[in-house]
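# Structure at a glance
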Number of protein chains: 2
Amino acid sequence: MPLPALERLSTYIRCLRQLEEEGTASVSSQDMERHTGVTAAQFRKDLSYFGEFGKRGIGYRVTELRERIARLLNIDEEQQVLLVGAGHLGSALIAYPGWHFYRFRIAAVFDKDPDKIGAAIRNHVVLDMERLEEIAASVGARIGILAVPAWDAQGVADRLVAAGIVGLINFAPTKLRLPPQVSVREVCFICELAILSHLVHHQPEKG
Amino acid sequence: MPLPALERLSTYIRCLRQLEEEGTASVSSQDMERHTGVTAAQFRKDLSYFGEFGKRGIGYRVTELRERIARLLNIDEEQQVLLVGAGHLGSALIAYPGWHFYRFRIAAVFDKDPDKIGAAIRNHVVLDMERLEEIAASVGARIGILAVPAWDAQGVADRLVAAGIVGLINFAPTKLRLPPQVSVREVCFICELAILSHLVHHQPEKG
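Source: prediction; values computed, not measured.

Calculation notes
Residues numbered from 1 in each chain as written. Chains lettered and ligands numbered in written order. Predicted model: local features only at pLDDT ≥ 70, side-chain atom pairs only at ≥ 80, totals over all residues. Heavy atoms only, no water. Helix = DSSP H or I, 4+ residues; strand = E, 2+ residues; numbered from the N terminus. Buried < 20%, exposed > 50% of the residue type's maximum accessible area, 1.4 Å probe, protein only. Contact = heavy atoms within 4.5 Å. Areas by Shrake-Rupley, 256 points an atom, 1.4 Å probe, with all protein chains shown as cover. Lys, Arg positive; Asp, Glu negative; His and termini not counted. Charge placed at Lys NZ, Arg CZ, Asp CG, Glu CD. Expected span 1.5 Å × (residues − 1). Least-squares fit on C-alpha atoms with pLDDT ≥ 70 in both. Salt bridge = Lys/Arg side-chain N within 4 Å of Asp/Glu carboxyl O. Nonpolar A, V, L, I, M, F, W, Y, C, P; charged D, E, K, R; others polar.

Before going further, it helps to spend a moment on the overall build of chain A. For chain A, the count of helices and strands is 8 helices and 9 strands. Taking the principal axes of the C-alpha coordinates as reference, chain A spans close to 60 × 45 × 35 Å. In chain A, buried positions account for 53% of the 207 residues. Contacts spanning at least 24 positions in sequence make up 54% of the contacts within chain A whose residues lie at least 6 apart. By element, 50% of the accessible surface of chain A is carried by carbon and sulfur atoms, the whole surface being about 9,600 Å². Computing the positive centroid from 24 side-chain charges and the negative centroid from 25, chain A places the two 6 Å apart.

Written out as structure tokens, the structure reads:
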């Protein structure tokens, strides 16, 4: 599946979750356009990846659609995730409310700072980075999250990959050099600010 | 300029900054492909937005290219940013090392939690949300960052927009309903995890 389609599916599922929480049972492609900004035509086209199942005039059942997209994204079974970095960002990630809904589980949190090791962040005790390889092997985690400073990111990423991690979320503002079989998603906050800066300077004046 | 081109430019500038820090003076489109994953052909095409200025066999001067892209993204002049939310995420954002390089300045940090108001995070004293409108008007900020829980995000966004903010970075896992003239960039951590989940399950097996 092409990456832009994947990115749209992740937007749809977030929206569908919100609709479910609000008690909405069915949704039309026009509703989805209003909620997500993706056109109704594009939405219907994306759903063709798993065969159309909306009913004309009724729309899509929210729960069914959410479950189908979850299967497609492979977030329908619990997955173990390793988090490296127990600073403010790591703590914010642990507190993030969506883990359970997406069936991700933080298997372990690591840091190399002796002041952080042994401390509890919510229900996670921060482990010494020395134990990374041992824990990675025992939980069989395939996904890792880098919430470490830029100068530490490449070294930690190399260790995660050597320990069997094949997918990384990188919050550090640095480009990682990794083997081609490792998937990386960069979360670049300052890139988003730069994009926003351009949009703000070029948006039409208010009426 | 189309959004995908903007997103690539923000990737280029991050890469060019890293090259500058490493002391690299010039870079070829092939180097850029290796560093960013964007093809050399696409890179050259994107640069056509401001006229080609690389020299065959020599490549692009890193600093000049970085400055040109900065002008195009409108990050060549200082911009005031309001940050709402002084929890772990807000604290992590304040500590982010790229603000100065991109010429963004955190003009003020707000929270509604009495335990946080008045506390100092690095060189920022957390202000009471009650002062949002007053401060927004006095600093003339146009960009705001939402680092608040999902249930608070819409209300805070509405206040920011009423106070003159026209661009928002939203970290809260909720879709905001805002006037069309307001630009929003969503940073959806769990969406990235969901996309990564699919990529990890569908990547070719290691040789």
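All right, on to the side chain of Arg-185 of chain A then. Tracing the backbone through its elements, the reader meets Arg-185 of chain A in strand β9 (residues 183-186). Arg-185 of chain A gets classed as buried once you look at its relative accessible area, which sits at 10%. Those residues within four positions of Arg-185 of chain A in sequence are excluded, and the remaining contacts are Leu-3, Glu-7, Leu-168, Ile-169 and Asn-170 of chain A together with Glu-192, Ile-195, Leu-196 and Leu-199 of chain B.

Turning our attention to helix α7 (residues 150-162) of chain B. Residues and elements named next belong to chain B. Under the 1.5 Å per step criterion, the end-to-end length of α7 is 19 Å for 13 residues, consistent within 8% with the ideal 18 Å. Taken together, the buried positions of α7 are Asp-152, Ala-153, Val-156, Ala-157, Leu-160 and Val-161. The elements touched by buried residues of α7 are β3 (79-84), α6 (132-139), β7 (143-146) and β8 (167-170). Positive backbone phi, approximately 105 degrees, marks Gly-164, located one or two places after α7.

A few words on the relation of the copies chain B and chain A. The two copies are related by a screw motion: chain B maps onto chain A through a turn of 180 degrees and a shift of 0.0 Å along the axis, at an RMSD of 0.0 Å. Accordingly, the operation relating the two chain copies is best matched by a two-fold axis. In terms of C-alpha distance to the rotation axis, chain B has His-88 of chain B as its closest residue, with the C-alpha 2.4 Å off the axis. Taken together, the interface assignments show that 98% of the residues at the interface of chain B recur at the interface of chain A, consistent with an identical surface on both copies.

Residue and element names in this part refer to chain B. Along the chain, Gly-118 falls in the loop between β4 (104-111) and β5 (120-121). With a relative accessible area of 49%, Gly-118 lands in the partly exposed category. Between the C-alpha atoms of Gly-118 and Trp-151, which are 33 residues apart in sequence, the distance is 24 Å. Setting aside residues up to four positions removed in sequence, Gly-118 forms contacts with Val-125 and Val-126.

Time to look at the interface of chain B and chain A. It is common to report an interface's size as the accessible area lost on association of the parts. Each partner contributes residues to the interface: chain B has 63 residues there, and chain A has 62 residues. Across the contact surface, chain B and chain A share 4 salt bridges. A salt bridge links Arg-14 of chain A to Glu-186 of chain B, with the nearest nitrogen and oxygen atoms 3.1 Å apart. Sorting the residues of the side of chain B that touches chain A by element identifies α1 (3-21), α2 (29-36), α5 (88-94), β7, β8, β9 (183-186) and α8 (189-202) of chain B as the ones contributing at least two each. A per-element tally of the side of chain B that touches chain A places α8 of chain B first, with 14 residues. Residues of the side of chain B that touches chain A, tallied by class, amount to 35 nonpolar, 18 polar and 10 charged.

Okay, the pattern of salt bridges next. On inspection of all chains with the given rule, the structure shows 26 salt bridges over all chains. Between Glu-7 of chain A and Arg-185 of chain A there is a salt bridge; the shortest N-O distance is 2.9 Å. Of the two residues, Glu-7 of chain A is situated in helix α1 (residues 3-21) and Arg-185 of chain A in strand β9; the sequence distance between them amounts to 178 residues. Here Glu-7 of chain A falls in the partly exposed class, since its relative accessible area comes to 34%. Where Arg-131 of chain B meets Glu-134 of chain B, a salt bridge forms, and the shortest distance between an N and an O atom there is 3.1 Å. When its relative accessible area of 34% is taken as the criterion, Arg-131 of chain B is described as partly exposed. Among the residues examined, Glu-134 of chain B registers a relative accessible area of 45% and is labelled partly exposed. The structure contains a network of salt bridges with shared partners spanning Glu-7 and Arg-185 of chain A together with Glu-192 of chain B.

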